[in-house]
Amino acid sequence: MSVGVLGAGAWGTALAQMLASDGREVLIWAREAELVDEINTSHTNSLFLPSARLAPTIKATGYLAEMAARDVLLVVTPAQHMGSVLGAMPSHPRDLVLCSKGIEAGSGRVMNEVASAAAPGSTISVLSGPTFAHEVAAGLPTAVTLACGGGEAQWERLKPVIARPAFRPYYSDDVTGAEIGGAVKNVLAIACGVVDGLGLGQNARAALIARGYAEMLRFGEALGARAETLAGLCGLGDLVLTCSSTSSRNFSLGKALGEGKSANELMADRRTVAEGAHTAPVLVELAARHDVAMPIVGAVNNLIAGGDPRQVVSSLLARPLRAEQESLG
């Protein structure tokens, strides 16, 4: 089946490179005309993934109508723009694979809800897991969750398109779980970056990952996700990766906040998007709506709004003591 990648940022470009690793032709859409030209003529993406020499079978286009003709489309636009980009397409492929992680600001919709509204005739799946773009582009071993809204029939269609020797998808039908894991871990990664930026040590980061996972689990189950999904690649696996390295955009943002830099300046200067900064406020609102305690997420939201990192951390540490497994967290 023909395959396309909607979005030529670092992650979209890395996925295109992975898909082309067996010689398959891959069509990638970029908004920037100069980037389309660079990919087609130089086989590079100096703007978003300068480390990769792209396969010659990757072709770029700036026309959404060309993407609509693909059999399978990996959607890798920034989460906040997914709805508008899909809405601008004249039609949509049978299978949409959502690779962006986040929750739509304003509406509170997860990405499969956004995509379903914009492309009601498509069958939606979600690809999520512990992945750094530069490692996938380099062909390093990677495992992900592929959660198929179309169940096993969609899985059978998609696995030969997506699986490669170094890129191993695992099947799930828990689309909600895959979405929640990817969205919440971005916010928690900012918190772990703050811990690093403040020099609070490895003990604090390990504790934050564990308590953050408890928040992810509570929130996910409240929205219908399965605990075993969140314990897998798209939940705990992704959380551990992005909370441990400056290769994570969200971790890097948090580290800079912890070092005293302004949230507004950091957000304005970043070419690549730290989705957790957009997700935090809507996640706080959704957690309150579902009566789920998420104090770490709330602390990140305060930081993004301009709160002092040391004061925010002090407030977290001053919370009442309680049982580790208590439902209120």
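Look above for the structure.
Analysis parameters
Residues numbered from 1 in each chain as written. Predicted model: local features only at pLDDT ≥ 70, side-chain atom pairs only at ≥ 80, totals over all residues. Heavy atoms only, no water. Helix = DSSP H or I, 4+ residues; strand = E, 2+ residues; numbered from the N terminus. Rg over C-alpha atoms; globule rule 2.2 N^0.38 Å. Buried < 20%, exposed > 50% of the residue type's maximum accessible area, 1.4 Å probe, protein only. Contact = heavy atoms within 4.5 Å. Areas by Shrake-Rupley, 256 points an atom, 1.4 Å probe, with all protein chains shown as cover. Axes fitted to C-alpha atoms, helices over the stretch in contact; angles between N-to-C directions. Parallel < 35°, antiparallel > 145°, perpendicular 65-115°, else oblique. Nonpolar A, V, L, I, M, F, W, Y, C, P; charged D, E, K, R; others polar. Polar contact = N/O pair within 3.5 Å; in protein donor to acceptor, adjacent residues only side chain to side chain. Pairing = 2+ DSSP bridges. Core = buried A, V, L, I, M, F, W, Y, C linked by side-chain atoms within 4.5 Å. Left-handed = near helix turned anticlockwise from the far one by under 90°. Arc of directions from axis to C-beta.

## Side note on the overall build of the chain
In terms of regular secondary structure, the chain is built from 16 helices and 8 strands. Its C-alpha radius of gyration of 19 Å places the chain within 12% of the 20 Å reference for a compact globule of 329 residues. Viewed in the frame of its principal axes, the chain has a C-alpha envelope of about 55 × 40 × 35 Å. Here the chain, with 329 residues, has 53% of them falling under the buried criterion. Intrachain contacts of the chain at a sequence separation of at least 6 include 67% that bridge at least 24 residues. With the model as given, the accessible surface of the chain reaches about 13,500 Å², and the carbon-plus-sulfur share is 52%.

## What about the packing of helix α8 (residues 175-197) against helix α14 (residues 275-289)?
Relative to each other, α8 and α14 sit at 105 degrees, their axes nearing to 8 Å. As the angle between them shows, α8 and α14 are arranged roughly perpendicular. Counted together, Ala183, Val184, Asn186, Val187 and Ile190 of α8 and Glu275, Gly276, Ala277, Thr279, Ala280 and Leu283 of α14 form the full contact between these two elements. A class-by-class count of the residues in the contact of α8 with α14 yields 7 nonpolar, 3 polar and 1 charged.

## A look at the environment of Gln154
Structurally, Gln154 can be placed in helix α7 (residues 151-162). The exposure class of Gln154 is buried, given its relative accessible area of 0%. Measuring from C-alpha to C-alpha, the distance between Gln154 and Thr123 comes to 7.9 Å, with 31 residues separating the pair along the chain. The contacts of Gln154, once residues within four sequence positions are left out, are Asp95, Thr123, Ile124, Ser125, Cys148 and Gly149. Polar contacts involving the side chain of Gln154 include one to the main-chain amide nitrogen of Gly150, which spans 3.0 Å.

## Some remarks on the sheet that holds strand β3 (residues 58-61)
Ordered by their spatial adjacency, 8 strands build an open sheet running β3-β2-β1-β4-β5-β6-β7-β8, and the pairing between neighbours is mixed. Edge positions in the sheet fall to β3 and β8 (167-172), since each of these pairs with one other strand and no more. Pairs of neighbouring strands in the sheet enclose a mean axial angle of 25 degrees, with direction left out of account. Of the pairings in the sheet, the one linking strand β1 (residues 3-6) to strand β2 (residues 26-29) comprises 4 bridges and is parallel in character. In the sheet register, Leu6 faces β2, and the bridge partner there is Trp29. On top of the sheet, α8 reaches β6 (123-128) and β7 (142-148); it is set at about 40 degrees to β6, its chief contact.

## Re the nonpolar core
A general feature of soluble globular proteins is that nonpolar side chains tend to end up buried together. In this structure, Val184, Leu188, Phe219, Leu253, Leu257, Leu283 and Met294 are the most contacted members of the largest nonpolar core, which totals 46 residues. Those elements that provide at least two residues to this core are α8, α9 (202-222), α12 (249-258), α13 (263-269), α14, α15 (295-304) and α16 (309-317). Here this core gets 11 residues from one element, more than from any other, and that element is α8. Beyond its immediate chain neighbours, meaning those up to four positions away, Leu283 contacts Ile103, Val184, Val187, Phe219, Met294 and Val297. The next biggest cluster of nonpolar side chains, apart from the first, holds 41 residues, and it includes Leu54, Val72, Cys148 and Phe167.

## Thoughts on the pairing of strand β4 (residues 72-75)
The side-chain alternation of β4 yields two buried faces, one formed by Val72 and Leu74 and the other by Leu73 and Val75. For β1 and β4, the ladder comprises 4 bridges, and the chain directions are parallel. If you follow Leu6 over to β4, its bridge partner there is Val75. Direction of pairing for β4 relative to strand β5 (residues 95-98): parallel, over a ladder of 4 bridges. Within the sheet, the bridge partner assigned to Leu74 lies in β5 and is Val97.

## A look at the packing of α8 against α12
Close contact between α8 and α12 brings their axes to 6 Å; oriented N to C, the two are set at 40 degrees. Between α8 and α12, the interaxial angle falls into the category oblique. At the point where α8 passes α12, the crossing takes the right-handed sense. Taken together, the residues of α12 that come into contact with α8 (itself represented by Asn186, Ala189, Ile190, Cys192, Gly193, Val194, Asp196 and Gly197) are Asn250, Phe251, Leu253, Gly254, Lys255, Leu257 and Gly258.

## Structural notes on helix α5 (residues 111-118)
Within the span of α5, buried status applies to Met111, Asn112, Val114 and Ala115. Within α5, the buried residues cover an arc of 160 degrees as seen down the axis, which keeps them to one side. Looking at the buried residues of α5, the elements they touch are α4 (82-87), β5, β6 and α8.

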